[in-house]
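# Coordinate analysis (summary)
So the chains spell out like this:
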Amino acid sequence: MEVFVGMQKHGFEQVVFCYNESAGLKAIIAIHDTTLGPALGGLRMWPYATEEDAVFDVLRLARGMTYKAAAAGLNLGGGKAVIIADPRRDKSEALFRAFGRFVQSLGGRYITAEDVGTTVEDMDYIHMETDYVTGVSTAYGSSGDPSPATAFGVWRGMKACAKEAFGSESLAGKRVAIQGVGHVGQNLARHLYDEGARLVVSDINEEAVARARAEFRAEAVDPEAIYDVECDIFSPCALGAVLNPETIPRLKTRVVAGAANNQLLSDSDGDTLHERGILYAPDYVINAGGLINVADELEGYNRDRAFKKITGIYANIEKVIGISKRDRIPTYRAADRLAEERIGLIGQQKRMHLPCCDAPA
Ligand code: NAD
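Residues numbered from 1 in each chain as written. Predicted model: local features only at pLDDT ≥ 70, side-chain atom pairs only at ≥ 80, totals over all residues. Heavy atoms only, no water.

## Focus: the domain arrangement of the protein chain
With domains assigned, the protein chain is organised as domain 1 (2–65 + 77–140) and domain 2 (147–332). Taken together, the contact between domain 1 and domain 2 spans six residues of the former and six residues of the latter. Together, the buried faces of domain 1 and domain 2 total about 480 Å²; carbon and sulfur atoms form 73% of this surface. A per-residue breakdown of the area domain 1 buries against domain 2 is headed by Leu40, Met65 and Thr134, which together make up 58% of the total. Put simply, domain 1 and domain 2 have zero salt bridges between them. Where domain 1 touches domain 2, the interface holds one residue pair in polar contact (both at pLDDT 80 or more). Per-class residue counts for the side of domain 1 that touches domain 2 are three nonpolar, two polar and one charged. (Domains from an automatic or database assignment. Contact = heavy atoms within 4.5 Å. Buried area = accessible area lost by both parts, 1.4 Å probe. Salt bridge = Lys/Arg side-chain N within 4 Å of Asp/Glu carboxyl O. Polar contact = N/O pair within 3.5 Å; in protein donor to acceptor, adjacent residues only side chain to side chain. Nonpolar A, V, L, I, M, F, W, Y, C, P; charged D, E, K, R; others polar.)

## Re the site of the ligand
What surrounds the ligand is a group of 20 residues, the closest being Thr150, His183, Val184, Asp203 and Asn261. Side-chain polar atom of Ser147 to a nitrogen atom of the ligand: 3.4 Å apart, as the coordinates give it. Between the ligand and Thr150 there is a distance of 2.6 Å, counted from an oxygen atom to a side-chain nitrogen or oxygen. In isolation the ligand exposes 820 Å². Once the protein is present, 73% of that is buried. Contributions of two or more residues to the shell around the ligand are made by α5 (147–166) and α6 (183–195). Among the residues forming the shell around the ligand, the class breakdown is nine nonpolar, 10 polar and one charged. (Near = heavy atom within 4 Å. Areas by Shrake-Rupley, 256 points an atom, 1.4 Å probe, with all protein chains shown as cover. Helix = DSSP H or I, 4+ residues; strand = E, 2+ residues; numbered from the N terminus.)

## A look at the packing of α5 against α6
Where α5 meets α6, the axes come as close as 8 Å, and the angle between the chain directions of the two elements is 45 degrees. Overall, the two elements α5 and α6 adopt an arrangement that is oblique. In terms of crossing hand, the pair formed by α5 and α6 is right-handed. Mapping the contact onto sequence places Ser147, Pro148, Thr150, Ala151, Phe152, Val154, Trp155, Met158 and Lys159 in α5 and His183, Val184, Asn187, Leu188, His191, Leu192 and Glu195 in α6. Partitioning the contact of α5 with α6 into residue classes produces nine nonpolar, five polar and two charged. (Axes fitted to C-alpha atoms, helices over the stretch in contact; angles between N-to-C directions. Parallel < 35°, antiparallel > 145°, perpendicular 65-115°, else oblique. Left-handed = near helix turned anticlockwise from the far one by under 90°.)

## Some remarks on the pattern of salt bridges
Summed over the entire model, instances satisfying the criterion amount to 25 salt bridges. As a salt-bridge pair, Asp122 and Lys91 come within 2.5 Å of each other at their nearest N and O atoms. With Asp122 in helix α4 (residues 120–127) and Lys91 in the loop between β5 (77–84) and α3 (93–105), this pair connects stretches of sequence that are 31 residues apart. Close ionic contact of Glu246 with Arg250 constitutes a salt bridge, the shortest N to O distance being 2.9 Å. Under the relative-accessibility criterion, Arg250 is labelled buried at 19%. The network of salt bridges with common partners includes Arg44, Asp57, Arg60, Lys80 and Asp115. (Buried < 20%, exposed > 50% of the residue type's maximum accessible area, 1.4 Å probe, protein only.)

Put into structure tokens, the structure is as follows:
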């Protein structure tokens, strides 16, 4: 695979291949863009079939983090790391400490975090070698489970969508269909229920459905039936790629606003939603609460401060809607433009030399 071709195509800064034989470590750290600040992004542990698959995944994910952090208004760039190994079989103290030393060697250009296949315990091992890690045990000042923060941000973003679609940000009396009442979905349901929304939920986990019915008087439908529910807002909080040519024609909603990552199967599905007059809250803008929360750890975690920042997702969604109208483009494209405009503008300011900060030591 021609790594430099991929780097050039999407403007990557650095890709680091990390190898340690005794620890069994094969890892890749990708730093996409640090215009706004150090690259923050999770560490994924996955038994990739080929090295090409791992490189492809880490580049794709790192670039996504640049856009997510920029659109969230954070002073962070985008990065990601992968360890090529099986999380069920190959974990060890040595493995994560070896990885931690590579993170440390980058001097703060990359800050790692939990992701698919890694846990708080793994982050604690990494923390033994570097301070450039978030999501460690709460005993070390971590922010803990990000789901309540993510759900709070989705609720705020949903209100901004409601203001645009219905003329009022109030969700009282609105019918909201939530796909997936897991960590984020349950927390979101609570905010909506407290505000007086009427909930319809689906989940493949019957216990989760029963809890939502009992706690939030939610109506339950079969997992496949959620796309057909007549509602004001459809909220995907389970899986990616749920907005696709098969499901979009079935939707009877004015707004799609949920926590799931990569909701659009492809860009053309974002175009279809736009053409159908359905307001889509771009996933990486509306679900940035967890990232904003964990980023607060870098300043010494303060929950009140973090949640105050997360309220800003309302304004971020308003900005996306504004750009979508200004440039007559679907919201998923407007989100990218919001991020790119911010990176461009802040990058311009950094061109002024500051002797205190920019001079060689
Ligand atoms: P979770 O695993 O706790 O919850 C997902 C729920 O979806 C589970 O209850 C599961 O049973 C259900 N589900 C799975 N397949 C389903 C289907 N076909 N139909 C209906 N329900 C189904 O995960 P989570 O932490 O709540 O995250 C939900 C989504 O939000 C994921 O896509 C995740 O990547 C994304 N996300 C989460 C966070 C966070 O802070 N946890 C942050 C950003 C994005």
